[in-house]
Amino acid sequence: MPHTITGWLFDAYPSPHGMTLWFVDLNGDKHQCNYKFAPSFFLHLNEADRKRAGILSRQCPVAVTLKETTRQELFSGECLDVVQVLVHDPTRLRSVVAFYEKFFPHFAFYNSDILPEQLFLYAADLFVLGFGEYRLENNELVEWTLHDSRDAVEYNLPPLRSLLIRNAHDFIPPKYQRTLQLEISYDDRTYVIEQDTPREVLESLNWHLYSCDPDIILTEYGDSVLLPKLTALAKQYNVPLLLNRDQMSGYKTTKESSFFQYGKVVHKDGAFEVRGRWHVDVNNSFAIVESNLAGLFELVRVTQLCPQHQARASIGTGLSSLQLSWAYRHNVLIPAKKREPEEFKSASTLLLADRGGLIYMPPLGYHEDVAELDFVSMYPSIMVNQNVSPETVNCRCCNNTNVPELGYTICEKREGIVPATLRAIVRKRAYYKTKKREHKGKNDVLYQMYESRQNALKWMLVSCFGYLGYKNARFGRIEAHESVNAFSRDAILTAKEIAERRGFNLVHAIIDCVWLRKQGATEQEYHDLCRAISSDVGIDISLEGIYRWIVFPASKRDSEIPTGTRYAGVYRHDELKIRGLETRRHDTTRFVKKMQGEMLEQMSKAHTIAAVEAMVPALLEIVREYVVILQRGSANPMELVIRRRITKEADEYMNHSISASVTKMLQESGIRLAAGESIEYIIVDAKGKSNPEKAKPVSLYALEDGYDIEKYSELLLDAAATLLEPFGYNFEKLQQMYGMAKPKRRRIFLPQLFETEPEAARLH
């Protein structure tokens, strides 16, 4: 019988006859149905090859239908005659593309590497978590009325239940453990599965899945360890797991990968997706780490990616989906690979163009009454306001010079794909930031929700600029990337000129922020300055705050050179802001973070530089206390753990560095790590004189291994010097003060000191 579901689209994935869809109604009930859909891709061929494609369609192992149609090419704006290949089994789309790739070159393919569920959502103009009325007949979706919009800023979400699966012993990641003890959390209660046999563990897990019936399964290391191990055990002991709500479907898995990105090797765990629910590995999800579930919900609605894919995708992938959706709706062909090469440039043009944002280095040391002004979403705003897009820069129809310094032209006749897709994101983030400020200190739940949403969009806006110049971006073009940099440099220089005309001095500038100072300037004067700059530049700029004091420490490599991205300061409203210092770095030990954090907390009470300097004896005492703890051997080893990313697999290392040693030890213990993965270890002898192993992985560490006092003291004093060097206490002087000029290298063997430390005791 026909019936209508009033609620939300919850998930979509391909099946042999179309798409399987899940909905959640107003009561929280789940509904599964099908939708007949044939995804397609396009081939741009000459007449002879079009005939050949028709012959090949009869040889294709999957049923396909060919149609001749026309679509627009983005950069030229021309309409091309293309062959549309409709694939009647969406699960075999990739196979059909691979079949045709044997016979035609890569530049003939369009829309060919998009997931079938994405193509469905683009074609239907739907998105997951979209609210509407969905009419079903014989379990088939026949029509729908959407009462929602991807651009909406206030929207309702379905009632969703979540369940967390993690390893009970979380001080060591599951990958480093031979046995696991599962911990299940839902409905504000936590259960530890303590059954003895694998079969009993699986049955207990099934009981919790049945009892909770979660919509979202959250895991820690679920993609790489937990779910692959559990499903392997389930197969071995013939115990079907209830991970899938759709019991007729299998799991979708992908392989792990390592790749080079922004100057470093990155490792990405493979995905483990379930059907009828969402599986989200919080350790394999940038969206969750940066913006929680509220941010993931926002991204899912905006990008039209399915939730499990969005959770694991890079921000660039989500941004790309925005552009792909726009292209699909406007009948624009989406190339399978990037087509536009970099234009030829003269040497003089290249020197002007091949630059980044403007950086004005600050004077070293402490400064008082410095104000920080921040351009609001500068690069996205430039793209939107100036119509900067790959197809609009140096277009074929306009010849007016628009880009400062470079002489590039920008199209004045059509809006580019980049500004068209970013405009709503810029508007939404501005709205969420305003609402966040309204609820700060009044409603913590709403404050956190708006904070998570704006943070998710922030990363999308941050990545949109880099994606313009990304070598593999289908709609990327280096000239567009260079144009945005040119506009940003012009904006910073204009802001500097306006500020200096009003008597302000520029202390520091980096990309989209400026630090200014004017003796006796009021907050209102800075607000007036912001309005003047915004009016002239065309980009909103706001006063982040006025610092009572701010310190710009020296570079670690050269004490005479400042660094633009490392600073700490206290605003007049008592908020402490830290960027780039040891206490904010992921590769700093907890022990060092605690010491520097105590120093900064003490310093935050000072209102002037003189007051900070008066605190130096107290700050030196904090340093001394931590040095004494190290030298006595009473530091908690778990606070000395160092985290590093390896660049090679164990067999590829030719040196005897600490990373090589630790990676090889892990491999010998049965743990294989890929390039880009992280290792955690404790240094036991950095120079390897008494112990050639140099360091021990946390998973193999025992208390009798001790730690290297000299090395950890160096790390400690280096972090202290970051704050104290402007007052004359550099690293070398601190070494002399605390007896570390020629320290005796030794390891500590005092396990009795850790009787009150549960983390260390568990390791023994």
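Residue indices follow the written sequence of each chain, beginning from 1 at its first position. A pLDDT threshold of at least 70 governs which residues receive local features in this predicted model, and a stricter bar of 80 or more applies before side-chain atom pairs are shown or counted, although totals over entire chains, interfaces and linings include all residues. Note that water and hydrogens are dropped before the side-chain values are worked out from all heavy atoms of the structure.

*Asks:* Could you give an account of the overall build of the chain, with specific residues and numbers?
*Replies:* Summing up its helical and strand segments, the chain has 21 helices and 28 strands in all. Taken over the C-alpha trace, the chain has a radius of gyration of 29 Å; the compact-globule value for 764 residues is 27 Å, and the two agree within 12%. Structurally, the chain occupies a C-alpha span of about 85 × 75 × 55 Å along its principal axes. Residue burial is assigned from relative accessible area. The probe radius is 1.4 Å, only protein chains are included, and a residue is buried under 20% of its type maximum, exposed over 50%, and partly exposed in between. For the chain, the proportion of its 764 residues judged to be buried stands at 54%. In the chain, the proportion of contacts linking residues at least 24 apart, taken out of those at least 6 apart, comes to 68%. Accessible area for the chain stands at about 34,800 Å²; split by element, carbon and sulfur atoms hold 49% of it. We count Lys and Arg on the positive side and Asp and Glu on the negative side, and we leave His and both chain ends out. Working definition for charges: the position is that of NZ of Lys, CZ of Arg, CG of Asp or CD of Glu. Looking at charge distribution, the chain has the averaged site of its 94 positive side-chain charges lying 3 Å from that of its 98 negative ones. Here a helix means four or more residues in a row that DSSP labels H or I, a strand means two or more in a row labelled E, and each is numbered from the N terminus. It is over C-alpha atoms that the radius of gyration is taken, and the globule rule equals 2.2 Å times the number of residues to the power 0.38. Here, residues are in contact when the closest pair of their heavy atoms is within 4.5 Å. Note on areas: Shrake-Rupley with a 1.4 Å probe; residue coverage comes only from the protein chains shown.

*Asks:* Lay out the state of the cysteines with the relevant residues and their values.
*Replies:* When two cysteine sulfur atoms are found within 2.5 Å, that pair is recorded as a disulfide. Tallied over the entire structure, the rule returns zero disulfides. Cys79 carries a free sulfur, and the closest cysteine sulfur to it, the one in Cys397, is 15 Å from it. Note on Cys79: relative accessible area 62%, which makes it exposed.

*Asks:* An account of the packing of helix α4 (residues 198-212) against helix α5 (residues 222-236) is requested, with residue identities and associated values reported.
*Replies:* Only the stretch in contact is used when a helix axis is fitted, and all axes are lines through C-alpha atoms; the angle between N-to-C directions ranges over 0 to 180 degrees. It is at 10 Å that the axes of α4 and α5 come closest, and there the two elements cross at 115 degrees. Between α4 and α5, the angle is such that the two are roughly perpendicular. Like other packed secondary-structure pairs, α4 and α5 cross with a definite hand, here left-handed. Residue-level contacts link Pro198, Leu202 and Leu205 of α4 to Leu230, Leu233 and Ala234 of α5. If an angle is under 35 degrees, it is roughly parallel; if it is over 145, roughly antiparallel; if it lies from 65 to 115, roughly perpendicular; otherwise it is oblique. Crossing handedness is read from the near helix: turned anticlockwise from the far helix by less than a right angle, it gives a left-handed crossing, and turned clockwise, a right-handed one.

*Asks:* Give a description of the pattern of salt bridges that names residues and reports values.
*Replies:* One speaks of a salt bridge when a side-chain nitrogen belonging to Lys or Arg is within 4 Å of a carboxyl oxygen belonging to Asp or Glu. As enumerated under the stated definition, the model contains 37 salt bridges in all. Residue Asp213 is joined to Arg245 by a salt bridge in which the shortest nitrogen-to-oxygen separation is 3.1 Å. A residue pair is termed long-range when its members are at least 10 positions apart, and Asp213 in the loop between α4 and β13 (216-219) and Arg245 in the loop between α5 and β14 (252-253) qualify at 32 residues. Taking relative accessible area as the criterion, Asp213 reaches 34% and is therefore assigned partly exposed. Note that Arg585 and Asp587 form a salt bridge whose closest N and O atoms lie 2.8 Å from each other. On the accessibility criterion, Asp587 (26% relative accessible area) is partly exposed.

*Asks:* Give me the lowdown on the packing of aromatic side chains, citing residues and values where you can.
*Replies:* Ring geometry is summarised as follows: Phe, Tyr and Trp rings, the Trp one being its six-membered ring, pair when their centres sit within 6.5 Å, and such pairs are stacked at plane angles under 30 degrees, edge-to-face over 60 and tilted between the two. Scanning the entire structure with this criterion turns up 27 aromatic pairs. Measuring from centroid to centroid gives 4.8 Å for Tyr366 and Phe727, while their planes differ by 25 degrees, and the two rings are stacked. Of the two residues, Tyr366 is situated in strand β20 (residues 365-375) and Phe727 in the loop between α19 (709-724) and α20 (731-737); the sequence distance between them amounts to 361 residues. The same class applies to Tyr366 and to Phe727, which are both buried. Three or more aromatic residues joined by ring pairs make a cluster, and in this case those are Phe41, Phe99, Tyr100, Phe103, Phe104 and Phe109. Lying over the aromatic face of Tyr155, Arg301 brings its terminal NZ or CZ to 3.7 Å of the ring centre. Here, a charge over a ring is recorded when the distance from Lys NZ or Arg CZ to the ring centre is within 6 Å and its angle to the ring normal is within 35 degrees. One Lys or Arg, Lys733, reaches over the ring of Tyr729 and ends 4.5 Å from the middle of that ring.

*Asks:* Hey, could you go over the sheet that holds strand β18 (residues 278-281) for me, with residue numbers and the actual values?
*Replies:* To summarise the sheet geometry, strands pair through backbone hydrogen bonds and adopt either a parallel or an antiparallel arrangement. A pair of strands counts as paired when DSSP detects no fewer than two bridges linking them. The strand order across the open sheet built from five strands is β12-β11-β10-β13-β18, with neighbouring strands paired in mixed fashion. Only two strands of the sheet have a single partner each, and these edge strands are β12 (189-192) and β18. Within the sheet, the average angular offset between the axes of one strand and its neighbour, ignoring direction, is 20 degrees. Across four bridges, strand β10 (residues 162-167) lies against strand β11 (residues 182-186) in antiparallel orientation. If you follow Arg166 over to β11, its bridge partner there is Glu183. The sheet strands contacting α4 are β10, β11, β12 and β13, and the helix crosses β11 at an angle near 10 degrees.

*Asks:* Describe α4, naming the residues involved and giving the relevant values.
*Replies:* Relative to the 21 Å expected for 15 residues at 1.5 Å per residue, α4 spans 21 Å between its end C-alpha atoms, a close match to the ideal helical length. Looking at the buried residues of α4, the elements they touch are β10, β11, β12, β13 and α5. Multiply 1.5 Å by the residue count of a helix minus one, and that product is the helix's expected span.

*Asks:* How would you summarise helix α1 (residues 47-59) if you had to cite specific residues and measurements?
*Replies:* Helix length check: α1, at 13 residues, gives a terminal C-alpha distance of 19 Å against a target of 18 Å (1.5 Å per residue), a fit within 8%. Burial in α1 covers these residues: Ala53, Gly54, Leu56 and Ser57. Across the axial projection of α1, the buried residues extend over an arc of 165 degrees, all falling on one side. Set apart from the buried face of α1 by more than 90 degrees, the exposed residues are Ala48, Lys51, Arg58 and Gln59. Where α1 is buried, its residues meet β5 (64-72) and α2 (93-101). Arc definition: it is the arc formed by the directions from the helix axis to the C-beta atoms.

*Asks:* Account for the nonpolar core, naming residues and giving values.
*Replies:* Nonpolar core, defined: a set of buried Ala, Val, Leu, Ile, Met, Phe, Trp, Tyr and Cys residues in which side-chain atoms within 4.5 Å join the residues together. Formed by 128 residues in total, the largest nonpolar core has its most connected members in Leu21, Phe41, Tyr100, Phe120 and Leu373. With residues near it in sequence (within four places) discarded, Leu21 still touches Leu9, Asp11, Ala12, His31, Gln32, Cys33, Tyr35, Phe120 and Leu141. In terms of nonpolar packing, the next biggest core, distinct from the first, is built from 61 residues, Val623, Ile671, Ile682 and Tyr738 among them.

*Asks:* An account of the sheet that holds strand β4 (residues 40-43) is needed here, citing residue identities and associated values.
*Replies:* With antiparallel pairing, four strands are arranged side by side in an open sheet as β5-β6-β4-β7. A strand with exactly one partner marks an edge of an open sheet, and here the two such strands are β5 and β7 (109-110). Where α1 meets the sheet, it contacts β5 and β6 (79-87), and its direction lies at approximately 150 degrees from that of β5.

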